[in-house]
Amino acid sequence: MKGKLNILLVSSEVVPFSKTGGLADVAGALPKALFSLGLADVRVITPKYKTVDEDKFGLKEIGKISVPISDKIETGKVKFSVFPKVGVPVYFIENDKYYMRDELYRTKNGDYPDNAERFIFFSRGVLEAMKLIDWVPDVIHCNDWQTGLIPAYLKTIYKDDKFYKKTATVFTIHNLAYQGLYSKEMYSLTGLPEELFSPSGIEFWGSMNLMKSGLVYSDVISTVSETYAQEIQTTDEFGRGLEGVLRDKKNDLYGIVNGIDYEEWSPETDEYIAINYDLVNIRKKKRNKDALLSINELPVLKDFPLIGLISRLDDQKGFDILSEVMDELMDMDIQFVLLGTGDKKYHELFEGLESKYPEKLSVNLVFNNKIAHQIYAGSDIFLMPSKFEPCGLGQLISFRYGTVPVVRATGGLADTVEDFDLKSGKGTGFVFKEYSSGALLATLKRAIDIYHNRKAWAKLVISAMTADFSWENSAKKYIDLYEKALEKRS
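Residues numbered from 1 in each chain as written. Predicted model: local features only at pLDDT ≥ 70, side-chain atom pairs only at ≥ 80, totals over all residues. Heavy atoms only, no water.

Re the pairing of strand β5 (residues 89-94)
- Burial analysis of β5 places 6 of its 6 residues in the buried class, the great majority of the element.
- On β5, burial covers both faces: Pro89, Tyr91 and Ile93 on one face and Val90, Phe92 and Glu94 on the other are all buried.
- Sheet topology note: the strand β2 (residues 40-47)/β5 ladder contains 4 bridges and is parallel. Within β5, the position partnered with Val44 by the bridge is Val90.
- Pairing of strand β4 (residues 72-82) with β5, which is carried by 6 bridges, proceeds in the antiparallel orientation. Counterpart to Phe80 in the pairing with β5 is Tyr91.
- If you look at the hairpin formed by β4 and β5, you'll find 6 residues sitting between the two strands, and Lys85 has a positive phi there, around 75°. (Buried < 20%, exposed > 50% of the residue type's maximum accessible area, 1.4 Å probe, protein only. Helix = DSSP H or I, 4+ residues; strand = E, 2+ residues; numbered from the N terminus. Pairing = 2+ DSSP bridges.)

Here it is in structure tokens:
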């Protein structure tokens, strides 16, 4: 296709407007990278949550939309802004009944009970919003289950709508563990034909599966690493019951590793860290380590490597195998800083360990962006022992800060971290394959041994800091993917 592509990226969360996880980072960074390439007129649309500061971002109302929900009509407003510093347009769908809440998807007591209705409204509202704006997308890029109905709507209710006659869809899986599963009674809210609620369509063991809708009805599917794209076609552990659907779509399934925003994650300019540094003055990194220890009320212990971990505390992230070796790890000459929230059992476990090892372990059971930046800059080693990891951003950010990742070979971790070889001096981190506490501990011991080999460690840090995982390369691959989707549509 000649000329610029009109690309609409649809996401239930977008940095800097809303965020619960990595999806928001991708949805905030990819449009800017596409814009910078100059190959696409890219726009973004997302719900207008309570967290979106209308004054700060200068939101302006464009007009109103009406969306059928079962046998009733729900209305919403469409508002407009642009990304700060970059002129990428972003639209917001406003409906206080659905989105004026303290959290995006859930409270501490569980998911909002009307999430199905909230994102049925959003998905169909997106299609009505584009008609209101009178901007025809060549490709609608949908992300995760919250947007999974959009391809189904385009293939059914909107298939004879001239406005969307040539519009193709790309559906990106960020994490297959979250599928948007709802009772069959909710299906009537979608307004979709009854025949779509079948094993070959949206039905999944008697329930409605919004992720499956995106997989079945999109023109092209992508996920956030090549290895994860293969893994999710294999077993139920990775495919979460959708491995058969994904195998059926294997010729239209691609893996593209996420990038990171090098403006936000830069030790040279990071405003959250104690002192800025780069490869030329890498010794200043030690001052960030000392500052991180001080903030976490840990003593400076000479030649003790500092391990950082920023994560959701649950089994998927490897906390089951990590918990088995924490006492043994604490007996070694290391220190450890943890940041994150998650399962109650792990909160209690790590609080107990912090009391037991007050000079070696600091536990921050919150999410705090400033502390996250400080951990990336101040740690020597960054730990990601995930059971599965579609892409992972932590290892890419740790590269940027010269903090060496220790990861399990799964998903995007396998695709981005090269195991260090002492003889050749090649590699960017330490990798273990077997999902076990023994393999994790052995790999951490290997990393700690290399840490004390100053020459080898310096080489490793240089390799990590010069690895290129900016968004530019990934954005070019997405352009190719959009072209593939359009070819399928034509």
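After that view of the structure, there is still more to cover.
Side note on the side chain of Ser222
- Along the chain, Ser222 turns up in strand β13 (residues 220-223).
- Under the relative-accessibility criterion, Ser222 is labelled buried at 0%.
- A polar contact of 2.7 Å, which involves the side chain of Ser222, links it to the side chain of Thr172. (Polar contact = N/O pair within 3.5 Å; in protein donor to acceptor, adjacent residues only side chain to side chain.)

Quick notes on the environment of Tyr451
- Take Tyr451: it is sitting in helix α16 (residues 437-451).
- For the pair formed by Tyr451 and Ile381, sequence separation is 70 residues and the distance between their alpha carbons is 9.1 Å.

What about the sheet that holds strand β18 (residues 381-384)?
- Ordered in space as β17-β16-β15-β18-β19-β20, the 6 strands form an open sheet in which the pairing is parallel. Two strands lie at the open edges of the sheet, namely β17 (361-364) and β20 (430-432), each paired on one side alone. Taken pair by pair, the neighbouring strands of this sheet meet at an average axis angle of 15°, ignoring direction.
- Of the strands in this sheet, β15 (306-310), β18, β19 (404-408) and β20 touch α16, which is tilted by about 165° from β20.
- Here helix α17 (residues 454-466) sits on the sheet and contacts β18, β19 and β20; the angle it forms with β19, its principal contact strand, is near 80°. (Axes fitted to C-alpha atoms, helices over the stretch in contact; angles between N-to-C directions. Contact = heavy atoms within 4.5 Å.)

Some thoughts on the environment of Leu444
- Note that Leu444 resides in helix α16.
- Note: C-alpha distance between Leu444 and Lys387 (57 residues apart in sequence) is 16 Å.
- Setting aside residues up to four positions removed in sequence, Leu444 forms contacts with Ile307, Leu329, Leu383 and Val406.

Comments concerning the packing of helix α11 (residues 319-330) against helix α12 (residues 344-356)
- It is at 12 Å that the axes of α11 and α12 come closest, and there the two elements cross at 20°. Taken together, the axis directions place α11 and α12 in an arrangement best described as roughly parallel. Considering the relative orientation of α11 and α12, their crossing is left-handed. Judged by residue contacts, Phe319, Asp320, Leu322, Ser323, Met326 and Asp327 of α11 engage Tyr346, Leu349, Phe350, Leu353 and Lys356 from α12. (Parallel < 35°, antiparallel > 145°, perpendicular 65-115°, else oblique. Left-handed = near helix turned anticlockwise from the far one by under 90°.)

As for the packing of α11 against α16
- Contact pair α11 / α16: the axes reach a minimum separation of 8 Å and the direction vectors enclose 45°. In terms of axis orientation, α11 runs oblique to α16. The hand of the α11/α16 crossing is right-handed. From α11, Ile321, Leu322, Glu324, Val325, Glu328 and Leu329 reach across to α16, where they touch Ser437, Leu440, Leu441, Leu444 and Lys445.
- Of the residues belonging to the contact of α11 with α16, the class tally is 7 nonpolar, 1 polar and 3 charged. (Nonpolar A, V, L, I, M, F, W, Y, C, P; charged D, E, K, R; others polar.)

A short note on the pairing of β19
- In terms of burial, β19 is largely enclosed, as 5 of its 5 residues are buried.
- Of the two faces of β19, the one holding Val404, Val406 and Arg408 and the one holding Pro405 and Val407 are both buried throughout.
- The parallel pair β18 and β19, bridged by helix α14 (residues 394-400), forms a crossover whose chirality is right-handed.
- Of the strand pairs in this sheet, β19 and β20 are connected by 3 bridges, and their pairing is parallel. Counterpart to Val406 in the pairing with β20 is Phe430.
- In this view, the connection linking β19 to its parallel neighbour β20 by way of helix α15 (residues 411-416) has right-handed handedness. (Right-handed = clockwise from strand over helix to strand, strands pointing away.)

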